[in-house]
Amino acid sequence: MTSPFADIPDIPTLGRRFQFINNGATKQNVTVCFQYIIFLTVTQSLYKQGGAIALSINRDIVVHTASVVEACLHYGVSRLIEIDSSNATKIDKTWDTKNEGHIHSFNDEEKIIWVKKEKIAQIYGNNPSSKYVNKAAHDIELIDDDLFDKAEKIREARNHIHFIGDDKQVSYPSEAAVTGYFDDAGEILDRIKATLTPQS
């Protein structure tokens, strides 16, 4: 009997979905993540008992879908800035601490320090927040208002999926909600592809 997982496309095949990404590492990372999402959806279709396992599968799909969207939006913003550096001026900037130093300590709980801050676009750096990535993508018109709202819903859904203490209930998205996030992610990726493909 053939395994239902045998039909999951391999990495080279799935990589065609992300042909708008020229960076090899980024393309590989999102493709691997996308393959895992497909694996989860196949698993979800086979597991009919519901309960904690089904809910956890839904959570994993949301987390990895959000990761793919964030990575592709970040790549898209970086690519549009690379193509036209004036795009960087459209992104809102916030204060970022560049350096700080000690001036005087009064005791173990009180001291005076100096801080050097610089206004930068939060899209830059090793680990920019998805909130800033979405905003930057909107600022430079990589995504419109509708897709920005969808990206924010995916981001917020991902952010609610964590254990935040015994007094809070863990968030478990429904299967219908997961399908909605996945469809929204597809629209966002299609927009990025349409914007970048002619310029790649």
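Structural data are supplied above this passage.
Throughout what follows, the structure given in this document is the object of discussion. (Residues numbered from 1 in each chain as written. Predicted model: local features only at pLDDT ≥ 70, side-chain atom pairs only at ≥ 80, totals over all residues. Heavy atoms only, no water.)

### Some details on the overall build of the chain
- The number of helices and strands found in the chain is six helices and two strands.
- Along the chain direction, N to C, the helices and strands of the chain fall in the order α-α-α-β-β-α-α-α.
- Sorting the 200 residues of the chain into buried and exposed places 36% on the buried side.
- Surface summary for the chain: the accessible area is close to 12,000 Å², and the carbon and sulfur share equals 50%. (Helix = DSSP H or I, 4+ residues; strand = E, 2+ residues; numbered from the N terminus. Buried < 20%, exposed > 50% of the residue type's maximum accessible area, 1.4 Å probe, protein only. Areas by Shrake-Rupley, 256 points an atom, 1.4 Å probe, with all protein chains shown as cover.)

### Some words on unusual backbone geometry
- Of note, Glu141 is a non-glycine position whose phi angle comes to about 65°, a positive value.
- One can find Glu141 in the loop between α4 (130-139) and α5 (145-159).

### A look at the packing of aromatic side chains
- In total, this model carries five aromatic pairs according to the counting rule given.
- With a centroid separation of 6.0 Å and an interplanar angle of 15°, the aromatic rings of Tyr36 and Phe39 are classed as stacked. Taken as a pair, Tyr36 and Phe39 lie in helix α2 (residues 24-46) at a separation of three residues, close to a single helical turn.
- A network of ring pairs unites the aromatic residues Phe18, Phe20, Phe34 and Phe182 as a single cluster. (Phe/Tyr/Trp six-rings, centres within 6.5 Å; stacked < 30°, edge-to-face > 60°.)

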